[in-house]
Amino acid sequence: MASNQSHRMRRRGLKIAHFIGLFLAMSVICIPGLWIVLNSFRPTVEIMAKPPVWIPNDLNLDHYRAMFGAVGEGGVPVLTYFRNSLIISVTSTVIAILIGMAGGYAFARYRFKGKAAIFIALMVTRAVPGVALSLPLFIIYARVGLIDTHIGMIVTYVAMNVPFTIWLIDGFFRQVPRELAEAAEIDGCTRWQAFWRVEFPVARSGIASAGIFAFLTSWNEYALASQLTRSVTSKTMPVGLLDFTSEFTLNWGGMCALAVLMIIPALVLTFLVQKHLIAGLTFGGVKG
Amino acid sequence: MKLGKFPPWLALLMPAIVLLAAVVLVPLVLSFYSSFTSYKLTKPDTLYNWIGTFNYQKAAGDIYFWTAFGRTVLLLTVALNLEMVLGLGLALMVSKVTRGQRLLRTMMMFPMMFSPILVGFQFKFIFNDNVGLVNNTLQSLGLTTTAIPWLVDAHLAMFSIISAEIWTSTSVFAILILAGLYAMPQDPLEAAKVDGCTPLQSFRFVTLPFLMPFIYIAMAIRSLDVARAYDIVQIMTNGGPARRTELLWTLIGRTGYVDAKMGYANAMGYISILLAIFFTVYFFRKLTAARAELGMAL
Amino acid sequence: MAQVHLRNLIKAYGALQVVHAINLDIADGEFVVLVGPSGCGKSTTLRMIAGLEDISGGEIAIGERVVNDLPPRDRNISMVFQNYALYPHMTVRENLGFSLKIAKRPQADIDVAVNKAADILSLTPLMDRRPAALSGGQRQRVAMGRAIVRHPEVFLFDEPLSNLDAKLRTQMRVEIKKLHQRLGSTIVYVTHDQVEAMTLADRIVIMRDGHIEQVGTPIEVFDNPVNTFVATFIGSPPMNLLEGRVDQGAVVLTDGSRLPIPPRYTAAQGAAVTYGIRADNIMPVGHALPAGDHIATVDMAVTLSEPLGTETLLFAELAGTEVQAKMLNPRPVRGRETMTFQIALDKCHLFDAATGSALRRA
Ligand SMILES: Nc1ncnc2c1ncn2[C@@H]1O[C@H](COP(=O)(O)OP(=O)(O)O)[C@@H](O)[C@H]1O
Ligand SMILES: [Mg+2]
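Reading guide: rules and limits
- All residue numbers here refer to positions counted from 1 along the written sequence of the relevant chain.
- For this description, chains carry letters from A and ligands carry numbers from 1, given in the order in which they are written.
- Selection of residues for local features in this predicted model requires a pLDDT of at least 70, selection of side-chain atom pairs for listing and counting requires 80 or more, and totals for whole chains, interfaces and linings are taken over all residues.
- Values reported for side chains reflect all heavy atoms of the structure, with hydrogen atoms and water molecules removed beforehand.
- A run of DSSP states H or I qualifies as a helix once it reaches four residues; a run of E qualifies as a strand once it reaches two. Both are numbered from the N-terminal end.
- It only takes one pair of heavy atoms within 4.5 Å for two residues to be counted as in contact.
- Once two parts are joined, some of their accessible surface, as seen by a 1.4 Å probe, is lost; buried area is that loss totalled over both.
- The salt bridge criterion pairs a side-chain nitrogen of Lys or Arg with a carboxyl oxygen of Asp or Glu, the two atoms within 4 Å.
- For the purposes of this description, domain bounds are those given by an automatic or database domain assignment.
- Each residue gets one label: Ala, Val, Leu, Ile, Met, Phe, Trp, Tyr, Cys and Pro are nonpolar, Asp, Glu, Lys and Arg are charged, and the others, such as Gly, are polar.
- Think of it in three bands: residues with accessible area under 20% of the maximum for their type are buried, residues over 50% are exposed, and the middle band is partly exposed, with areas taken using a 1.4 Å probe on protein chains only.

Participant: Would you explain the environment of B:Arg254 in this entry?
Facilitator: With respect to the helices, strands and loops of the structure, B:Arg254 is situated in helix α11 (residues 248-258). Put simply, B:Arg254 and B:Asn238 are 16 residues apart on the chain and 8.9 Å apart in space, counted from C-alpha to C-alpha.

Participant: When you look at the interface of chain A and chain C in this model, what are you seeing that I'm missing?
Facilitator: The figure often quoted for interface size is the accessible area lost as the parts come together. Facing the 16 residues of chain A at the interface are 21 residues of chain C. Carbon and sulfur atoms supply 65% of the area buried between chain A and chain C, which totals about 1,700 Å² over both sides. Three residues stand out in chain A for area buried against chain C, namely A:Ile186, A:Asp187 and A:Arg197, and they jointly supply 40% of the buried area on that side. Summed over the shared surface of chain A and chain C, the result is two salt bridges. Note that A:Glu182 is salt-bridged to C:Arg47, the shortest N-O span being 2.6 Å.

Participant: Sorry, what's going on with the domain arrangement of chain A here?
Facilitator: Residues and elements named next belong to chain A. Split by domain assignment, chain A resolves into domain 1 (2-67) and domain 2 (78-283). One C-alpha centre belongs to domain 1, the other to domain 2, and the line joining them spans 32 Å. Between domain 1 and domain 2, a total of about 890 Å² is buried, with carbon and sulfur atoms accounting for 82% of that surface. For domain 1, the biggest contributors to the area lost against domain 2 are Ile36, His63 and Met67; these three give 54% of the whole. At the level of secondary structure, the elements contributing two or more residues to the side of domain 1 that touches domain 2 comprise α1 (2-40), α2 (44-47) and α3 (62-69). Its residues assigned to classes, the side of domain 1 that touches domain 2 shows seven nonpolar, four polar and no charged.

Participant: Mind showing me how you'd approach the environment of C:Leu289 here?
Facilitator: All names here are of chain C. Note on placement: leucine 289 falls in the loop between β15 (282-284) and β16 (295-307). Taking the C-alpha atoms as reference points, leucine 289 and lysine 326, 37 residues apart in sequence, are found 9.8 Å from one another. Residues within four places of leucine 289 in sequence aside, it is in contact with Asp280, Asn281, Ile282, Met283, Ile295, Gln342, Ile343 and Ala344.

Participant: Where do I start with the pattern of salt bridges in this structure?
Facilitator: Note that side chains of opposite charge can pair when their charged atoms are close. Residues and elements named next belong to chain C. Counting across every chain of the model gives 15 salt bridges over all chains. A salt bridge links lysine 11 to glutamate 53, with the nearest nitrogen and oxygen atoms 3.7 Å apart. Of this pair, lysine 11 sits in strand β1 (residues 4-13) while glutamate 53 is found in the loop between α1 (42-50) and β4 (57-62), placing the two residues 42 residues apart along the sequence. Here the two residues lysine 11 and glutamate 53 agree in accessibility, since each one is buried.

Here is the structure:
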C-alpha cells in the first residue's frame, strides 16, 4: 500500500515537472519572436526606455508607416526588397525542386558505380560556408555581370539548395515502391507518364516539404546575398535589415517591423505543410 | 526514357552536377588558385602575382587564425552537443503531451523560420547591456543592479553567441528526434518493461539506440548548415570586442572584404572548408552506419 | 489470346547469370505455373516476359511477335504484383480504370469495363475507397481487377497470394481458377508454393537456380519426377529418399536391409542409387495402400506421430534416415514402437545417387 502511494506521489511530481519544463521551453522559444512583434508596434522611446516599460501603453503603427513611406526618416524600400526576396526565393525553390527531383530520382531508382561517392560529393558542396564561397563567387559574378541581378541570386540559391533537396527527395522516392511505376508501365504508361501520374503524386507531400526547406533557406539567406547584391534592383530582405543600422545607431523598431514582414510568409508556409514536414523529414532522411 | 546516349541516371544527375560545378566547384578552384597569389580586391592585377604557399605559411603562423580556428571548433562542438541534448529533452517532453501536441509542434518550429541575420540582431538586442531584455529582466527582478556586459566580456559574449545559436537550431534536432519517437515501434519498449527495465534503463538501452540515426541526420543537416552561425556572430559581435569572439568566418570575411586581402582570406577559407567537409563526411558516415544497424538500406 | 514462347532466354546481372537459356512454349489459354524455391529466377523470368527487365540473351515471343525490345505497354499483358502495387493516391475505381484512361478510351467505355470487373470480383461496394482502407484480401482483388479490365492477351501473376492468410489464400486460389475458366486467357503464374502450383496449373514448370528442371501436368510431375529435386519439391510431405546400392534386383540400404527395385525402373548391378518413397505409399500393415501388385515389407521404429485428423503422419527410422509414413485409421502410437510397414513398389522411384536423375526404363 505504502509503495503504491509513493508511486502515485512520484507520478504526480513528474507530471508537474513535465508541465513546468515544457512551459519554460516554450517560453524561451516564443518570447524572442513575440518580443519582436511587440516592439514593432512600440515607439522607439518606449523600447529604449530606462528603466524599462514592461506594460506597453502606446501601441501604434508608426514603424510600419515609416517603413512603407519609403522616403524620409526610416524610409526603406521595403516593398522592393519584399518583391526581390519573393522572386528570388520562389524561382530558385521551383528550379531547385525540379533539379532535385531529377537527381533524387536517379539516386533512388538506379544502381550505378560510385553512387555513394557522388552522393557525398554533392552533399559536401552544401557544406562550403557561404562566406568562403562568397569571395570567389563575387569575383566570377563581377566578371560575367551577374552581380546585383535576380538571375545571379537565383542561380546561387538553386545551387545552395540542390544538395539537400536531392537528399530529401531521394528518400521520398525510395519510399515509393518500385512496383508502382512498373504497374503503371504495364497499364500502358511510358516511363515519363509513370513518373508524373504515379510516382510524383505519391511522393508529392514529401517533395512539398523539401520545397519548404529550400524556400526558407533562400528567404533567410544573408552571407551570400550581402556580397552579391548591391542595390534595390536585387537586395533581399535579410540584407535590407541592415538599412536600419547606421554607424552608431540602430532603428530597432523599424527593423522589427521589417522582421515581422519577413516572418509572416515563412510562418504561413510552414503552417500549411507542418503536417508533412515531420513525416517528410523522417522518410527523407532515415528510411532513405 | 531515352535521354541522349548517357545512361539515364547520369542524364538525370546532369543538371545538378553542372550547376554545382559552376556555382561551387569553379569558385572553389578559383579561390584555391587565388590563395597562392597576393590578390587584393583593390588591385585586380595582383591576381596574377604568384606567391606560392606564402598565404598558407602565414596562416600557419598566425596566432589570430589559430585562435579563431580553435574557437570555431569549440563553438561547434559545444553548440551541436547542447542542441542535441536540449532537442532530445524537448522532443521527449512534447511526445509525452496528450493534448495540444500539434500546437506545440508548430511552436517548436518557430525559430526555424527566422533568418540567422535576424536572430543575430534579435539577440544582440536581447543581450544589450543597457536596454536589453535580459538585463532589464534581471534588474527588475532585483537579481542584479549592475549592467552585465553580455556582449563585451569574452566569456559572456561566447555564451551569448552560443545561446543565440542554440535558440535557432535546437528545433531542428527536436523535430527530427520527435519524428524518430513517432516512428518507434512500441513492442521493444513493452518487452523491456516486462523484462524489468526501469524507465531510465529502457530509455538508455531501447529508445536511445533507435533514435541514433535520427540524431545523426540532424547532425548531418546541421553540419551542412554550420556556417549559419556566421550571420549571427557577424551581427552580434563581428568577432569583437578586440577579437574575443573571432571565429573563422568573421576573420575570413574581414580579411577579404575589409582588409581586401582576398588571397589570404581564401587560404583561410580553404582551411574552413576542409573543416566543414570533415564534419559533413563524418556525420554521413555515422548515419550510414546507424541505418545499417537498424536494417535500413541506404 | 496468345501463346508465349521463350527461346534460350538468358538473364545476367553483370557476371552473375540468374536465368540460364531456358526454353518454354505456353499454349494459347494455358495456365502455366512457374514454381521453385525462392531466388531460383521465377520473378526474373516473369518480369522479362512483362518487359520490366532487359533480356540478356535469347528471345521472347507473345503471339507471333518477338517482343524483346518492346516496352511493357506495347506487349498487351497485365500483371498482378506480390505486393499488389495499387496506386495509393487513387480510389479503387480510379485504380481499375487507370489503364483505360491512359489509353484515352472514352469515359463511358471505361465505366462499363470497370463496373464489369468490379462485379466479377465483388468490389462494387468498395469503389470509392483508397487502397489504404482495404483489407489484404480486398487489395488482392483490386489488383486482379486492374489486370482484367484491360483484356490483355497474357496475364502475369507474381506470387499474388503469398501475403494472404492461409484461409483467404485457399479461397482466392479458387477464384483465380474460376477467373481463368471464365476469361480463357493465357496465364503465367509464379509461386514458391507447390500446393498452389498443383491446384492451379494446367502445366507446371519447376525451376531451380535459373534452370528449368521439369515441365508437365501436375499429375505428371507428381508421378514421374525427373530427379530428386522435383521429387522432394512437389508433394507434401516431401518424398522420402534412401541411399543404397543395387544388388541383384534389389537396393541394399546402408544398414543392410533390402528393398526390391521398383518395377518401372532399371539400374545396373552395383550402382549407387537413391530410393524414393512417398509417405502415401508406405503404411503400417493393415492400412489400405494404393492399388498395385508389388508390395514389399519393412520393419521400422516409429519415433513420433502427428495426428492430422483423417490420417496420422508417422516419423520412423530406416537405415539411419528419417522416413515419413502415413496411417489411415489413426490409433495412438507409443514412443519407439516397432511396426511392420508395407510399401507400394509401383509407386516408388529410383534415382542415380550421383546426378539425382530418375533411372526410368526407356
Ligand atoms: N538487380 C539484381 N542484381 C543482381 N542480382 C539480382 C537482381 N535481381 C535479382 N537478382 C538475383 O537473381 C536471382 C533470381 O531472383 P528472382 O527471380 O527474384 O527469384 P524468385 O524465384 O524468388 O522470384 C536471385 O538470386 C537474386 O538474388
Ligand atoms: Mg520472386
